[in-house]
Amino acid sequence: MHIKMYTKAYCSYCYAAKNLLSKRGLEFEEISVSGDMETEQQMRKKTGGTTVPQILIDDKPIGGYTELVELDMDGAL
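Figured I'd write up the structure that's included with this text.

Calculation rules
- Residues numbered from 1 in each chain as written.
- Predicted model: local features only at pLDDT ≥ 70, side-chain atom pairs only at ≥ 80, totals over all residues.
- Heavy atoms only, no water.
- Pairing = 2+ DSSP bridges.
- Helix = DSSP H or I, 4+ residues; strand = E, 2+ residues; numbered from the N terminus.
- Axes fitted to C-alpha atoms, helices over the stretch in contact; angles between N-to-C directions.
- Contact = heavy atoms within 4.5 Å.
- Buried < 20%, exposed > 50% of the residue type's maximum accessible area, 1.4 Å probe, protein only.
- Right-handed = clockwise from strand over helix to strand, strands pointing away.

## With respect to the sheet that holds strand β2 (residues 29-32)
Strand order in the open sheet made by the four strands is β2-β1-β3-β4, with mixed pairing throughout. Strands at the two margins of the open sheet, each flanked by one partner only, are β2 and β4 (60-63). Strand after strand, the sheet turns through a mean of 25° between neighbouring axes, direction not considered. Running at roughly 130° to strand β1 (residues 3-7), helix α2 (residues 37-47) makes contact with β1, β2, β3 (54-57) and β4 of the sheet. On the sheet, helix α3 (residues 65-73) packs against β3 and β4 and is oriented at approximately 95° with respect to β4.

Encoded structure:
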């Protein structure tokens with residue numbers, strides 16, 4: 001499983017998502033969009049989302065923190 005997460009500094013949901021993945025022992029690639037409009041535009045194009053975190057699992061956008069928690073509760077992580 002390959003996990004990418006678009007984040008911004010000082011984002012509590014980004015921190016919570018990183019914490020959840022780390023607690024589950026899952027590695028992830030963090031891509032910061034803080035102050036980087038080009039990367040943020042790439043995020044929006046790939047995920048359709050405008051807020052962070054935006055999380056992709058195996059290049060499939062799953063949404064943000066709430067959707068990550070739902071996957072975890074369903075045992076899908």
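That was the structure; now back to the text.
## Some points on the pairing of β1
In terms of burial, β1 is a largely internal element, five of the five residues being buried. Every second residue of β1 is oriented toward a common face, with I3, M5 and T7 on one face and K4 and Y6 on the other, all of them buried. Two strands pair when backbone bridges link them, and β1 and β3 are joined in this way by four bridges, in the antiparallel orientation. Its bridge partner being in β3, Y6 is matched across the sheet by Q54. With helix α1 (residues 12-23) bridging β1 and its parallel neighbour β2, the resulting β-α-β unit is right-handed.

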